[in-house]
Protein chains: 2
Amino acid sequence: MYRLFDYLPSGNGYKCRLVLKHLQLAYEFIDVDIKSGGSRTPEFLAKNPNGRIPVLEVPGKGYLPESHAIIAFLADGTDLIPEEAFDRGRMWQWMCFEQYNLEPTIGTARFWVSTLGKTRNELGENLIEKKKGGYAALDVLEEGLRGRRYLVAERYTLADIALFAYTHVAHEGGFDLAPYPNIRGWCDRVASQPKWQPITAK
Amino acid sequence: MYRLFDYLPSGNGYKCRLVLKHLQLAYEFIDVDIKSGGSRTPEFLAKNPNGRIPVLEVPGKGYLPESHAIIAFLADGTDLIPEEAFDRGRMWQWMCFEQYNLEPTIGTARFWVSTLGKTRNELGENLIEKKKGGYAALDVLEEGLRGRRYLVAERYTLADIALFAYTHVAHEGGFDLAPYPNIRGWCDRVASQPKWQPITAK
């Protein structure tokens, strides 16, 4: 059985949980307390030298870090990945965008504010920079969803799961989604998928 | 014929050029002067609302941004992508690591220092932060290459191309690769591949 080394509030971990649940794959959730250094112990670093969750243990194969590598591995050959090559390219385009532009801004702001409990005063200019980058990413996502129900190939794919994870909790980092009607409608569609579960569920 | 909207010093663009050359795919190089705002014009933003190069124009399909989405699309079904699912997951693990940990540190430091010509004094604390993150990424890469000739599946794959692009010019951002023998040996192996070409060639 798969084992997922994860931290419940993590959006990156949540992507893996959504795919595991959607595909009805059995797994054991292993809680790693990243706030107290649980992902920096020698034992954990042997699984992922980069010291980050999530990590998927694949029986007989080894440990696989990086949320998007994990979900692509789990969903290989399923309808969560488009069959047509250009559509699959488009899916990866959105997933790369998420890791480069959305997660490091919206995800990090949320981690500082919501998980670590830091105040706006403590964070100062760093938070202002993250807000600027995060809203720029939301602008791109809003435009990408114009006239579309899902990001790619007119159906629910890994791209939707990957971008939903931090976007739907952006308010926890101080972002306001009110000016983004396309994003809000799409979030509702993702959350109404069969087997969907909230970020608070293992 | 493919058209690649690119900027010659870009490591992200270079990944696409290496794959196009390796696979002997014909393409037209379209120079975008990102230093004078060439990737922020209305015409360019219609191709990529995220305002970044590289972008691949695929005849009959559309415009595909994001270097790793582009190289995965181009190399689909070739020996640059492992056939075995876990190996393919491992390839994406390294490519995600590159976009999250290596490119934003080593790539950005190089852009500031080498492309924009900024001095250490001008950059101050920002450069120190990038150096710290960049060396941490190099540590992970050095460890990942221990006892291996290539990153994944004991052969040359997209993972090697993706990580080589900024690593082999890390010195242009002020990084010293002398303490990293595994990385230096691997860089030599990548640069000795058939059809390899330097970052300065279109």
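### Quick look at the overall build of chain A
- Helix and strand counts for chain A come out as 7 helices and 4 strands.
- Put simply, chain A runs from its N terminus to its C terminus through helices and strands in the order β-α-β-α-β-β-α-α-α-α-α.
- Taken over C-alpha atoms, the radius of gyration comes to 17 Å for chain A, in line with the 17 Å a tight globule of 202 residues would show.
- For the C-alpha atoms alone, the extent of chain A along its principal axes is close to 45 × 45 × 25 Å.
- Across the 202 residues that make up chain A, the buried fraction comes to 55%.
- Taking as baseline every contact in chain A between residues at least 6 positions apart, the subset at least 24 positions apart corresponds to 70%.
- Per element, the accessible surface of chain A, about 8,500 Å² overall, is 49% carbon and sulfur.
- Between the centroid of the 25 positive side chains of chain A and the centroid of its 25 negative side chains there is a distance of 2 Å.

### Some words on the interface of chain B and chain A
- Facing 31 residues of chain B, the contacting portion of chain A comprises 32 residues.
- Of the roughly 2,900 Å² buried between chain B and chain A on both sides combined, carbon and sulfur atoms contribute 63%.
- Interface area lost by chain B to chain A is led by Phe86, Trp92 and Tyr100 of chain B, which between them contribute 22%.
- Our count for the chain B to chain A interface comes out at 4 salt bridges.
- Where Lys61 of chain A meets Glu84 of chain B, a salt bridge forms, and the shortest distance between an N and an O atom there is 3.1 Å.
- The interface formed by chain B and chain A includes 10 residue pairs in polar contact (both at pLDDT 80 or more).
- At the level of secondary structure, the elements contributing two or more residues to the side of chain B that touches chain A comprise strand 4 (62-65), helix 3 (67-74), helix 4 (85-115) and helix 5 (120-144) of chain B.
- Considering each element in turn, the side of chain B that touches chain A owes the most residues, 14 residues, to helix 4 of chain B.
- Classifying every residue of the side of chain B that touches chain A gives 15 nonpolar, 7 polar and 9 charged.

### Topic: the sheet that holds strand 3 (residues 55-58) of chain A
- Sheet architecture is open: 4 strands sit in the order 2-1-3-4 (chain A), paired in mixed fashion. Pairing within the sheet leaves two strands with one partner each, and these edge strands are strand 2 (27-31) and strand 4 (62-65) of chain A. Pairs of neighbouring strands in the sheet enclose a mean axial angle of 25°, with direction left out of account.
- Pairing of strand 1 (residues 2-6) of chain A with strand 3 of chain A involves 3 bridges; the strand directions are antiparallel. Looking at the pairing, Leu4 of chain A lines up with Leu56 of chain A of strand 3 of chain A.
- Relative to the sheet, helix 3 (residues 67-74) of chain A contacts strand 1, strand 3 and strand 4 of chain A, its axis offset from that of strand 4 of chain A by approximately 120°.
- Along the sheet, helix 4 of chain B contacts strand 3 and strand 4 of chain A; its crossing angle with strand 4 of chain A, the most-contacted strand, is approximately 40°.

### So, the environment of Arg3 of chain B
Residue and element names in this part refer to chain B.
- Tracing the sequence through the fold places Arg3 in strand 1 (residues 2-6).
- Each C-alpha atom of the pair Arg3 and Val55 lies 8.3 Å from the other, and the pair is 52 residues apart in sequence.
- Those residues in contact with Arg3, other than ones at most four positions away along the chain, are Glu28, Ile30, Val55, Leu56 and Glu57.

### A few points about the relation of the copies chain B and chain A
- Taken as rigid bodies, chain B and chain A are interconverted by a rotation of 180° and an axial shift of 0.0 Å, the fit giving an RMSD of 0.0 Å. On the angle and the small slide along the axis, the relation comes out as a two-fold axis. Judged by C-alpha distance, Tyr100 of chain B is the residue of chain B that lies nearest the rotation axis, at 3.1 Å.
- By residue overlap, the copies meet face to face through one surface: 100% of the interface positions of chain B are interface positions in chain A.

Each value, and the rule that gives it
- Residues numbered from 1 in each chain as written.
- Chains lettered and ligands numbered in written order.
- Predicted model: local features only at pLDDT ≥ 70, side-chain atom pairs only at ≥ 80, totals over all residues.
- Heavy atoms only, no water.
- Helix = DSSP H or I, 4+ residues; strand = E, 2+ residues; numbered from the N terminus.
- Rg over C-alpha atoms; globule rule 2.2 N^0.38 Å.
- Buried < 20%, exposed > 50% of the residue type's maximum accessible area, 1.4 Å probe, protein only.
- Contact = heavy atoms within 4.5 Å.
- Areas by Shrake-Rupley, 256 points an atom, 1.4 Å probe, with all protein chains shown as cover.
- Lys, Arg positive; Asp, Glu negative; His and termini not counted.
- Charge placed at Lys NZ, Arg CZ, Asp CG, Glu CD.
- Buried area = accessible area lost by both parts, 1.4 Å probe.
- Salt bridge = Lys/Arg side-chain N within 4 Å of Asp/Glu carboxyl O.
- Polar contact = N/O pair within 3.5 Å; in protein donor to acceptor, adjacent residues only side chain to side chain.
- Nonpolar A, V, L, I, M, F, W, Y, C, P; charged D, E, K, R; others polar.
- Pairing = 2+ DSSP bridges.
- Axes fitted to C-alpha atoms, helices over the stretch in contact; angles between N-to-C directions.
- Least-squares fit on C-alpha atoms with pLDDT ≥ 70 in both.

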